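Listed here are the chains, written in short residue letters.
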Amino acid sequence: MAGLNYHKKAKQFYFAPIVEGKRLTVYLGKDEEQAKIAYREYVSKIKRHKKKLKKNSAKKTAEEKLSGMISQLEKQHRKPKDTYPCLPKMLFHLSANQYCVNISVNRKRRTIYLGRGKEAAVLQYHEYMARYVKDRKSLLKGPYMTFKKLVELYLENIKNRVTSTTRKGYASNLRVFCDFLSVHKITEISRIDIELIDRFRYYLLNEKELKIRKRNGVSKSTVNRYLTNIKSVLNWGLEYGKITYTNVKIHKIRKEPAKRPVPRFLCKEEIERILHYDQYISRYANKSAIRTTIPQLIGMVKFMIVTGRRIQEVLALKKVDIEIEQGYYVVTNDKTERTNPVQKIFHLNDAALEIIRPLYDVRKEGEYIFGDTYGKRLTTRAVGQRFKRLLSRLGIHGVAFKELRHTFASHMRMAGEPIENIRDHLGHTSVKTTEIYAHIGENHLKKSINNPKMNELVKYRASAPPAREKSPEQKACDSAGNTSDVLHYGH
């Protein structure tokens, strides 16, 4: 008797008994336990029928019964053939600018987008066609996923790839959009379309209440940040297979045209006022607190102005990171370490060495240069509050720590330094970020606009204007000596 086997192509168990010199294949299903039970039943039935063949004289009738039973078993467990002789082909969608495939299920036509890359689109196409042959209805439904659940999975995935501050910003922006969806009673991702995004954009620009600033609406650059976070979540869901292209109805989110503001920087008079802060502090102020905190804060400000470093990089600067004899230091807490994972080494100029050297001699190896009295690191919030109070006493407004970085770049540009060198000093990955300082210090433009010939065009002159040319009649009268008639007729 034939044993129980597994068919790899049919992906199910079977056994092949021989009846009347012919081998028949009987499929018993994919489950191994159920296949074993069915196999035992069929083997026992075949054995009983074979015993009847020996005892019974009507051999032909028993063989017919046995062959009929085997054929009936084959019909029950036979693998169904593919009913899709021709599969839909992959096409390139000109409007969406990506590859796609059109499927039809229950007279409903659906377009499945496969991406812009051809190799990735081919792989995606074969996966969908395998599902299309197996179960066409599953392509219409797709995995059920709400946008709120997708946001939770996205934030959990980027937990180890971005900083905690960046992740909190993403979560705050996406929470606003989830609340907007709950107000409109929308949970499905397939209902997020261009019209809904436009309504959300109008809500942010005009209706969103800001409790801190006490006004309605955010700026256009803030709107672009919200839309970028939404697009990142949808792209992540498509990349990791959490949603399908049939769930997403928007393939391109239009951003608001926002102007980059002109960077605010400190002029020489404001820098002098900060360095001579003791002349502006009231005599009733706490002198002991000023003696301990303000000089250290002034040292940070001077170091940021002459090096262009960020406040996070300055506070994270340790004694180990500085080579005082060679005149350079290494930035460990770098903002661009994820996009550009290269060790950032910057040189110290004479002004920076003069600020660093006294602190370098006092600190130990593992202590922070701009730390507290015990060499521990200060928080950005505490130092920012001290700097804000100092500027309010000095009468300087609209300046934070980032404006000190702008001050370094702006004065370097006004000194005639090339934009590429400023990019290297600031540690920018792209020169486009540094080009916001390009308009500052364009000396050749200042000279060309102050052209003396252009200035003389509208300059007032004390000399009399040239005499007006006379008409032929006036000239004839003048030659005759009778000018009174001409004047009379002229009036």
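To be clear, the structure that these remarks concern was listed above.
Residues numbered from 1 in each chain as written. Predicted model: local features only at pLDDT ≥ 70, side-chain atom pairs only at ≥ 80, totals over all residues. Heavy atoms only, no water.

Peer 1: Hey, could you run me through the overall build of the protein chain in this one?
Peer 2: A count of helical and extended segments in the protein chain gives 20 helices and 13 strands. When each of the 491 residues of the protein chain is scored for burial, the buried share is 36%. The contacts of the protein chain with a sequence gap of at least 6 include a subset with a gap of at least 24, amounting to 55%. (Helix = DSSP H or I, 4+ residues; strand = E, 2+ residues; numbered from the N terminus. Buried < 20%, exposed > 50% of the residue type's maximum accessible area, 1.4 Å probe, protein only. Contact = heavy atoms within 4.5 Å.)

Peer 1: Quick question: what am I supposed to make of the sheet that holds strand S5 (residues 26–29) here?
Peer 2: Strand pairing in a sheet relies on backbone hydrogen bonds. The paired strands run either parallel or antiparallel. Pairing is antiparallel in the open sheet, where three strands are placed in the order S1-S2-S5. With partners counted over all chains shown, the strands left at the sheet margins are strand S1 (5–7) and S5, one partner each. Strand-to-strand, the axes of this sheet are offset by a mean angle of 45 degrees, without reference to chain direction. Relative to strand S2 (residues 12–15), S1 runs antiparallel, the two sharing three bridges. Paired with Tyr6 across the two strands is Phe13, which belongs to S2. (Pairing = 2+ DSSP bridges. Axes fitted to C-alpha atoms, helices over the stretch in contact; angles between N-to-C directions.)

Peer 1: Quick question: what am I supposed to make of the nonpolar core here?
Peer 2: In a soluble, globular protein the nonpolar side chains are often hidden away together inside. Counting 50 residues, the largest nonpolar core has Phe147, Phe177 and Phe200 as its most contacted members. Mapped onto this core, the elements with two or more residues apiece are strand S7 (98–105), strand S8 (108–115), helix H3 (118–134), helix H5 (147–157), helix H6 (164–183), helix H7 (194–207) and helix H8 (220–239). In terms of residue count, H8 provides more of this core than any other element does, eight residues in total. Once residues lying within four places of it in the same chain are set aside, the contact partners of Phe147 are Phe177, Cys178, Leu181, Thr187, Ile189, Ile192, Ile230, Val233 and Leu234. (Core = buried A, V, L, I, M, F, W, Y, C linked by side-chain atoms within 4.5 Å.)

Peer 1: What exactly am I supposed to notice about the sheet that holds strand S13 (residues 344–347) here?
Peer 2: With antiparallel pairing, the three strands of this open sheet are ordered in space as S11-S12-S13. Either end of the sheet is taken by a strand with one partner, and the two such strands are strand S11 (322–323) and S13. In terms of strand pairing, strand S12 (residues 328–331) meets S13 through four bridges, oriented antiparallel. When the bridges of S13 are listed, Tyr328 appears paired with His347.

Peer 1: Sorry if this is basic, but what is going on with a positive patch on the surface here?
Peer 2: On the surface, a cluster of positive charge is made up of Arg116, Lys231, Lys252 and Lys255. Relative to the helices and strands, Lys255 is located in the loop between H8 and helix H9 (268–275). When its relative accessible area of 49% is taken as the criterion, Lys255 is described as partly exposed. (Patch = residues over 30% accessible without salt bridge, like charges linked within 9 Å, V, L, I, M, F, W, Y side chains within 5 Å. Areas by Shrake-Rupley, 256 points an atom, 1.4 Å probe, with all protein chains shown as cover. Salt bridge = Lys/Arg side-chain N within 4 Å of Asp/Glu carboxyl O. Lys, Arg positive; Asp, Glu negative; His and termini not counted. Charge placed at Lys NZ, Arg CZ, Asp CG, Glu CD.)

Peer 1: Would you mind showing me how to read the packing of aromatic side chains here?
Peer 2: Two aromatic rings are characterised by how far apart their centres lie and by the angle between their planes. Summed over all chains, the structure comprises 16 aromatic pairs. Note on Phe303 and Phe370: the rings are 5.6 Å apart at their centroids and 50 degrees apart in plane angle, and the pair reads as tilted. One end of the pair, Phe303, is in helix H10 (residues 287–307); the other, Phe370, is in the loop between helix H12 (350–362) and helix H13 (380–394), and 67 residues separate them in sequence. Comparing Phe303 with Phe370, the two get one shared label, buried. Cluster of aromatic residues (ring-pair linked, three or more members): Phe147, Phe177, Phe180, Phe200, Tyr203 and Tyr226. (Phe/Tyr/Trp six-rings, centres within 6.5 Å; stacked < 30°, edge-to-face > 60°.)

Peer 1: Is there a simple way to think about the packing of H6 against H7 in this case?
Peer 2: Packed helices, taken two at a time, are described by their axes: the angle between them and the distance between them. Viewed as axis vectors pointing N to C, H6 and H7 meet at an angle of 115 degrees, and their least axial separation amounts to 11 Å. Taken as axis vectors, H6 and H7 run roughly perpendicular relative to one another. You can see that H6 and H7 cross each other, and the crossing is right-handed. From H6, Val176, Phe177, Phe180 and Leu181 reach across to H7, where they touch Leu196, Ile197, Arg199, Phe200, Tyr203 and Leu204. (Parallel < 35°, antiparallel > 145°, perpendicular 65-115°, else oblique. Left-handed = near helix turned anticlockwise from the far one by under 90°.)

Peer 1: Mind showing me how you'd approach the packing of helix H14 (residues 401–414) against helix H15 (residues 419–426) here?
Peer 2: Viewed as axis vectors pointing N to C, H14 and H15 meet at an angle of 155 degrees, and their least axial separation amounts to 10 Å. If you check the angle between H14 and H15, you find them roughly antiparallel. Between H14 and H15 lies a crossing of right-handed hand. Here Arg405, Phe408, Ala409, Met412 and Arg413 of H14 come into contact with H15, specifically with Ile419, Ile422, His425 and Leu426.

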